[in-house]
Structure formats: structure tokens, C-alpha cells
Amino acid sequence: MDTCPLCGSTTGCSTDPEFRYRCDVCGGPRVPLHAPRKRRGAKELAALKRAEAARKSRAKNRAGAIAAGLSAAGVLGMLALAAVISFAAGWNLGLWIFVAALFTAGPLAALTAFLASRASARSKEIPAAIDEAWMAAATDVVEQSSTAVTAGSLAEALRIEEAQAEELLALLEASDLVRPDGNHAYRARLRVATPSAATANEDLAAEAEAQAEAEAEAMAREQKRERL
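Residues numbered from 1 in each chain as written. Predicted model: local features only at pLDDT ≥ 70, side-chain atom pairs only at ≥ 80, totals over all residues. Heavy atoms only, no water.

1. So, the overall build of the protein chain
Phase 1 of the analysis: Along the protein chain, the regular secondary structure elements total five helices and seven strands.
Phase 2 of the analysis: What you see in the protein chain, going N to C, is helices and strands ordered as β-β-β-β-α-α-β-α-α-β-β-α.
Phase 3 of the analysis: Looking at the protein chain as a whole, 35% of its 228 residues qualify as buried.
Phase 4 of the analysis: Residue pairs at least 24 apart in sequence account for 59% of intrachain contacts in the protein chain once pairs closer than 6 positions are excluded.
Phase 5 of the analysis: Of the accessible surface of the protein chain, which amounts to about 13,300 Å², a share of 60% is contributed by carbon and sulfur atoms. (Helix = DSSP H or I, 4+ residues; strand = E, 2+ residues; numbered from the N terminus. Buried < 20%, exposed > 50% of the residue type's maximum accessible area, 1.4 Å probe, protein only. Contact = heavy atoms within 4.5 Å. Areas by Shrake-Rupley, 256 points an atom, 1.4 Å probe, with all protein chains shown as cover.)

This is the structure in C-alpha cells:
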């Protein structure tokens, strides 16, 4: 088991139809960390955080849409009641109830549609972020491996199907991140220029900052549970 980059918990992860893998504690998207990949890169962490932010925003918007929708349904129930009253007690009273309910149900219905639209937009952001995280993870496997990486070894390292690993390698080759090394194997493409020490330090700092942030959030949640 490795540490979740989002909540800092050292726990397992389970397969998920949307995220591929989901943390068993926080429910956020995960990319399993296995040999030959020894560490996560900053690009993977950033992509996972974007996917997690979109997931949380989608959940809030969905909850708001459900609440607004139920309220609108209740108001529409008043409309039905107004129709009954209009016949039983006279048209004037029924008409006033109808108008009041209509002016209340209209904004609630609009709010429901708006929040549902925002939730749908957040759903569309997630796949791109997940794909970016997995491409970054596959790049890490190739760059950190001492030998050429095949679709089989990549599939084993990332706990995915070999067909998915082949697709990832094809995307990395198309993005000029890996190069063929014979026998359907790949190596990291040599960089034309060696990254400066400052750039390397920035990457390490970004990794450390992301890890520290995840650990701090996990500690805060643990303290909150203890207080409860």
C-alpha cells in the first residue's frame, strides 16, 4: 500500500469505473504506485488534484440541484392544492395561491437547472484530468525504469490491462515522451537539454509541497474526528 497523494492516508485503493482507481479512505482518484515507479511526479499530483476538485464541486452542485428540485416539487404541489381550493373556496383565493406558488417555483426550477448544468460541466473536466495523471504516471514508469518498458511491464506497474498500457505507450510516443527500443519496448526519450538545477529544485519543491499539504489535510481530519 502507498500513500494517497490527496489525503495522505497509507491505505489501499479500489477499482472505479470513472477514476480507474479510488482511494479507500477519501474516495479521491488514485494512480497505484508500484515498482519500477519509485515516486510520483508533480504533473501527476496536479492532475489528480484537479480531478478531485472537480469531483467535490460536482457533488456539491448535485446536492444543491436535488435540494432545489425537491423544493420546486413541493411548490408545484401547492399549485395542485391551489386548483382544489379555487373550486372549493372561490377563484380569488385559489388564484392568489397559484400566483405565489408560480413565482416561487420558477426561480427554484431555474436554480435546479443551473446547478445540474454546473455538475455536468464538472463531470466533463474529470476524464481529461484523469488521463493526464495516468500519462504522467506512465512517463514516470518509463523514466524511472532501468530497462526498456513493454506494455506488459507497464500494465503490471500500473495495475491496468495490457491493452490500456499499449494505448498509453502509443500516446507517449505520439507526444514524443518515449522512443521505441525494439521488441515492442520503449525507453524515455533523451532530452536535448539537461534541466537546470533550479528547474529540478522547483519540481522537488512542488512534490514536497503537495505531499506536505496532503499530510496536513489528513492530520486535520484526524483531529476533527477525535474532537467529535
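2. Here we look at the packing of helix α3 (residues 151-158) against helix α4 (residues 162-174)
Phase 1 of the analysis: Remark: α3 packs on α4, axes separated minimally by 8 Å, with the N-to-C direction vectors making an angle of 110 degrees. As summarised for this structure, α3 and α4 are arranged roughly perpendicular, according to the angle between their axes. Between α3 and α4, the residues in contact are Ala151, Gly152, Leu154, Ala155 and Leu158 and Glu162, Ala165, Glu166, Leu168 and Leu169, respectively. (Axes fitted to C-alpha atoms, helices over the stretch in contact; angles between N-to-C directions. Parallel < 35°, antiparallel > 145°, perpendicular 65-115°, else oblique.)

3. Structural notes on α4
Phase 1 of the analysis: Between the first and last C-alpha of α4 there are 18 Å, a value that for 13 residues agrees with the 18 Å anticipated at 1.5 Å per step.
Phase 2 of the analysis: A positive phi of about 65 degrees marks Asp176, the residue just after α4. (Expected span 1.5 Å × (residues − 1).)

4. Side note on the pattern of salt bridges
Phase 1 of the analysis: If you walk through the whole model with that rule in mind, you get eight salt bridges.
Phase 2 of the analysis: For Arg58, the salt bridge goes to Glu18, with nearest N and O atoms at 2.8 Å. You can see Arg58 sitting in helix α1 (residues 42-88) and its partner Glu18 sitting in the loop between β3 (13-16) and β4 (20-23), a full 40 residues away along the chain.
Phase 3 of the analysis: Residue class for Arg58 comes out buried when judged on its relative accessible area of 9%.
Phase 4 of the analysis: Where Glu125 meets Arg122, a salt bridge forms, and the shortest distance between an N and an O atom there is 3.2 Å. (Salt bridge = Lys/Arg side-chain N within 4 Å of Asp/Glu carboxyl O.)

5. Notes on the nonpolar core
Phase 1 of the analysis: The biggest cluster of nonpolar side chains holds 34 residues, and the ones touching the most others in it are Val31, Trp134, Leu154, Leu158, Ile160 and Leu168.
Phase 2 of the analysis: The set of elements that each furnish at least two residues to this core consists of β4, α1, α2 (91-144), α3 and α4.
Phase 3 of the analysis: With nine residues, α2 is the single largest residue contributor to this core. (Core = buried A, V, L, I, M, F, W, Y, C linked by side-chain atoms within 4.5 Å.)

6. Considering the sheet that holds strand β6 (residues 178-180)
Strand pairing in a sheet is mediated by backbone hydrogen bonds. Such pairs are either parallel or antiparallel.
Phase 1 of the analysis: Here three strands make up an open sheet; going across it, the order is β5-β7-β6 and the pairing antiparallel. Each having just a single partner strand, β5 (149-150) and β6 make up the two edges of the open sheet.
Phase 2 of the analysis: As paired strands, β6 and strand β7 (residues 185-188) are joined by three bridges and run antiparallel to one another. Within the sheet, the bridge partner assigned to Arg179 lies in β7 and is Arg187.
Phase 3 of the analysis: Contacts from α4 reach β5, β6 and β7 within the one sheet, and its direction differs from that of β6 by about 105 degrees. (Pairing = 2+ DSSP bridges.)

7. With respect to the pairing of β7
Phase 1 of the analysis: Sheet topology places β5 next to β7; two bridges connect them, and they run antiparallel. Note on β7: the bridge partner recorded for Val149 is Tyr186.
Phase 2 of the analysis: Remark: four residues form the turn of the hairpin made by β6 and β7, two consecutive strands paired antiparallel; Gly182 in that turn has positive phi of roughly 85 degrees.

8. Side note on the pairing of β4
Phase 1 of the analysis: Both β3 and β4 contribute to a ladder of four bridges, which runs antiparallel. The residue of β4 that forms the bridge with Ser14 is Arg22.

9. With respect to the confidence of the model for the protein chain
Detail in the predicted coordinates should be disregarded across regions flagged by low pLDDT.
Phase 1 of the analysis: Predicted confidence across the protein chain gives a mean pLDDT of 80, with 74% of residues reaching 70 or more.
Phase 2 of the analysis: Taken element by element, the predicted model of the protein chain shows its lowest mean pLDDT in helix α5 (residues 197-227) (61) and its highest in β4 (90).
Phase 3 of the analysis: Here residues 191-197 scores under 50 on pLDDT; set against residues more than four positions off or in separate chains, the count is two contacts. (pLDDT = per-residue confidence, 0-100.)

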